[in-house]
Amino acid sequence: MKSLELLVERIILSSRWLLVIFYLGLAASLAVYAVSFAYKFYKVASNVFAYEEADMILAILGLIDAALVASLIVMVMISGYENFVSRFDEAESEGEVSFIGKLDSGSLKIKVASSIVAISSIHLLQIFLNATQYDNAKLMWFTIIHLAFVVSALLLGFLEKIMAQAKASKDG
């Protein structure tokens, strides 16, 4: 029976390598998103003298939004791989990337929630800059959805703080 248990544990632990497919897929999606970003940047650059100030602000907010989404993808790829598949031994030993190994699952959740709030904030700002295109009910729902993201991130941070304090008091 013990050998069956060891076999099951070995299979379960080995299955973490299936996650590599997802992280490679995220890397490919990041490359596709980079092409989309390049196209957006080209449109902004080619219309730099044609855009009114509000249009330019909206276009730049779109570029910032794209950068935040790309950063979120990279953060999930690196920390997910590091936490669930394998350590980045070579990069860490050569000092190439100083933050590797510092994104545990708790801090990853906080960073993802913060990124989502930032992305939502940019979307909401873009909507408010084009408020005349939306009726009041839609504006209200966009605001409520954004506030739900903000409250969720705050609660997640608060819970993470409580868990860290509980762990510290248990270890101390």
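Whatever comes next refers back to the structure up there.
Residues numbered from 1 in each chain as written. Predicted model: local features only at pLDDT ≥ 70, side-chain atom pairs only at ≥ 80, totals over all residues. Heavy atoms only, no water.

Student: Help me understand the packing of aromatic side chains, please; the structure alone is not making it clear to me.
Tutor: Aromatic ring pairs: the centre-centre distance and the angle between the two ring planes describe each pair. Across all of its chains, the model carries 2 aromatic pairs by this definition. Centroid distance Tyr23 to Tyr81: 6.4 Å. Interplanar angle 75°. Geometry classified as edge-to-face. In this pair, Tyr23 is assigned in helix α2 (residues 19-46) and Tyr81 in helix α3 (residues 53-84), connecting sequence segments 58 residues apart. Relative to Phe142, the ring of Tyr134 lies with its centre 5.5 Å away and its plane at 85°, an arrangement referred to as edge-to-face. Residue Tyr134 is classed as partly exposed on the basis of its relative accessible area, which comes to 28%. (Phe/Tyr/Trp six-rings, centres within 6.5 Å; stacked < 30°, edge-to-face > 60°. Helix = DSSP H or I, 4+ residues; strand = E, 2+ residues; numbered from the N terminus. Buried < 20%, exposed > 50% of the residue type's maximum accessible area, 1.4 Å probe, protein only.)

Student: Would you mind going over the packing of α2 against α3 with me for this structure?
Tutor: The geometry of a pair of packed helices is captured by two quantities: the angle between their axes and the separation between those axes. For the pair α2 and α3, the least separation of the axes is 10 Å and the interaxial angle reads 165°. As far as their axial angle goes, α3 and α2 are roughly antiparallel. In terms of crossing hand, the pair formed by α2 and α3 is left-handed. (Axes fitted to C-alpha atoms, helices over the stretch in contact; angles between N-to-C directions. Parallel < 35°, antiparallel > 145°, perpendicular 65-115°, else oblique. Left-handed = near helix turned anticlockwise from the far one by under 90°.)

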